[in-house]
Structure formats: structure tokens, C-alpha cells
Amino acid sequence: MTFGPTWNNLRDNIDALQSNATLVTPLSRKAFAIEDVQEHRVLIQYRDDDETIPLQKDQFETLYERVSESQGKFDVDRLPPDAEPYATVLSLHPRFEVDDRAGTLTESEQSTGSPLVEAQSGSEEPDETEREEPDLDVYADALLLIDALERHDIASLEAVDTPALVNIYTLLSDVQRNANDLRKDVRSVLLDRLHHDQPVSGQFGSIQRTTRRNRSLKDAELVLNAFESAGIERERLTTVDSSKVDEALEVTELSESDVYDIEPSEYVRKADVDEQEKETRLQGLKDQLEATEGDEADELREEIEELEDRIAELTEFRSGRSFHESSAGG
């Protein structure tokens, strides 16, 4: 079957999209919109960029052939990173479907919809999903920390009294510990969703699956024998074991300073946490937020929206621009 009818069908389906529909690349999750559909190409624009990128008909045909050669199921991570939009756009055709969880582009006779299209209406107010308080320690501690930071001039720590600094330090420690625990849980889920070295981006940044190489020495005798057989004398590899040194110090008249270089360093350690006081203060904050109404609530929402916009501007993630530069002008 030639690609011509498929291309015409695809163009018809693109034309049927809402003008403000947002599409998402299957692996990196980058949002883009279709700006125009022409006879031999589709013009797209990433949400975080002003540049218009042409997706060429001949490259769609190449992808179409690769899917056919793969017996109807093509692994999307075989595409160059800049070619991901081709898979998303091709999935607008009723015979093609992207499974972003499995990372595949599949051809089927059954009509399917693309999971990578998010229809948005500019005339309606955005959905205001009711937010629920998460039952997470890091959430509660973060609220308390925000409250404490707002009550003191942290830009001048020397001017903050000691009890306030103790509270801030305690909360910082709790947030760090609980955030790290949650980060590990999120990481475990993400590892099942990331494909090889393909970067995946969100509003505030991007992540990438990588492999770390960890080393630990085998049994000491095995290591020494291996090097000895290779011509390295044992004495050149043996080191002083601090645990053995401590045992020797106990049965000799040597002092610790005779065998150790001692440099004292001081640090602050969290000794105790008043969980009851934290809970009382946290409940007060919740009650205060629930009681916030009218102009004060509107002003708070506006401040949050402005902050989110600033964060988005500072954390934009940019990548390459086209599938094949040689066909950019085609």
C-alpha cells in the first residue's frame, strides 16, 4: 500500500483537531501545537519556543515504512530525539496508536485515538480541580517551614533570635529527610517509565535515566593473591587499618595524638523534635487558609500564579529542532 492515501487521511485528521489542541511527545513529554498543515509538511511549534519546525512528508513516510517493517509495532526510542513529534502526529491517523508507557508506535485496523493529544478550549475557564491535602510528612513540614521563613528576615540570619533559628533548622532538617524519602519513591516509579538515555521534561526541569557503576573490593586475601600473582608485592597494597590501631592503643602507652592527626570540627545536630507543637501550629495554618476569603484569597492566588510563571520562565528546557536538517527547507 502506498503512503499517499495514509498521508491524505492524516492531514484530514490534523485539520479536524481543535485549533488550540496541545500534543505531547511520547518519551520526553514535550508539549507542542500544530501551526499549519501543508501539502508536503506539517508545521509545529513547541510550547517553550517561538520557532516553527517543519515535519516533512517524506520523513512521515519513512516512519510509516519502519512501522510496517517492524510487523506493525515500532519502538519509539529508536527514533532520534528530535523525531519524536513525528510519532505523535502520525498517531492522529486512525490506524496508528502510540503507547507512551510501552514506548511503541503500533499500526492496527481498529480505529484508535491518540493519548498524546490534550484538547484545550480558550473560551472556557480552566478546570479548577479541587485540591486535597496530601497525607505526607514533607507537605506538613514544608507548610511549617514556609510559615517560619515568612516570619523572619532570613536575608540577615545574624539578626534572627536563637529560638527562631532553632525552629528553622529543625524544620529544614525534617523537610530534607522527608523530601529525600519521597524523592526515592518517585524515582522508583520513574525508572519503569524512562527509556534508555531519552531526556524527559516537565514544567520545572528534565530528567534522564542513567547507569551508575558501583565498585567494592572483593575479599582482601583474594585481591592480594591476584596482585601477587601479577608481580605486585603484598606490602605495597596493605594499609593501616584504623580499627586495629584503636585496639593497639588500648594495650599500649601511646596516646591517640601519637598516631592520629586530630582536627576538631563543630556542627549542629538536631537533638529533639516537638511533634505536638508542630501539629498545633500546622492546624492553625490550615484553619487560617480555610478562612481566607474575598480579596485576600484572590490576591494570594495571583501571587502564586505570578510565582509559577516566573519559575516556568527560569526552568525552560530546550532541545533540538528538526528530524533531519537536510530536509528542513523541503
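Residues numbered from 1 in each chain as written. Predicted model: local features only at pLDDT ≥ 70, side-chain atom pairs only at ≥ 80, totals over all residues. Heavy atoms only, no water.

**Topic: the nonpolar core**
Core analysis: the biggest nonpolar cluster contains 30 residues, and Ile 34, Phe 60, Val 89 and Leu 105 have the highest contact counts within it. Mapped onto this core, the elements with two or more residues apiece are α1 (4-15), β2 (31-37), β3 (41-46), β4 (52-56), α2 (57-69), α3 (84-90) and β6 (96-99). The contacts of Ile 34, once residues within four sequence positions are left out, are Ile 14, Leu 17, Leu 23, Val 42, Leu 43, Ile 44, Val 89 and Leu 92. Counting residues in each nonpolar core, the second largest holds seven residues, with Ala 148, Ile 168, Leu 171 and Val 175 among its members. (Core = buried A, V, L, I, M, F, W, Y, C linked by side-chain atoms within 4.5 Å. Buried < 20%, exposed > 50% of the residue type's maximum accessible area, 1.4 Å probe, protein only. Helix = DSSP H or I, 4+ residues; strand = E, 2+ residues; numbered from the N terminus. Contact = heavy atoms within 4.5 Å.)

**Examining unusual backbone geometry**
Even without being glycine, Arg 29 reaches a positive phi, approximately 60°. Assignment of secondary structure puts Arg 29 in the loop between β1 (22-24) and β2. For Arg 29, a relative accessible area of 33% translates into the label partly exposed.

**Digging into the pairing of β4**
Along β4, four of the five residues are buried, which leaves the element largely enclosed by surrounding structure. Pairing of β3 with β4 involves five bridges; the strand directions are antiparallel. What sits directly across from Ile 44, in β4, is Ile 53. Hairpin connection from β3 to β4: five residues lie between these consecutive antiparallel strands. (Pairing = 2+ DSSP bridges.)

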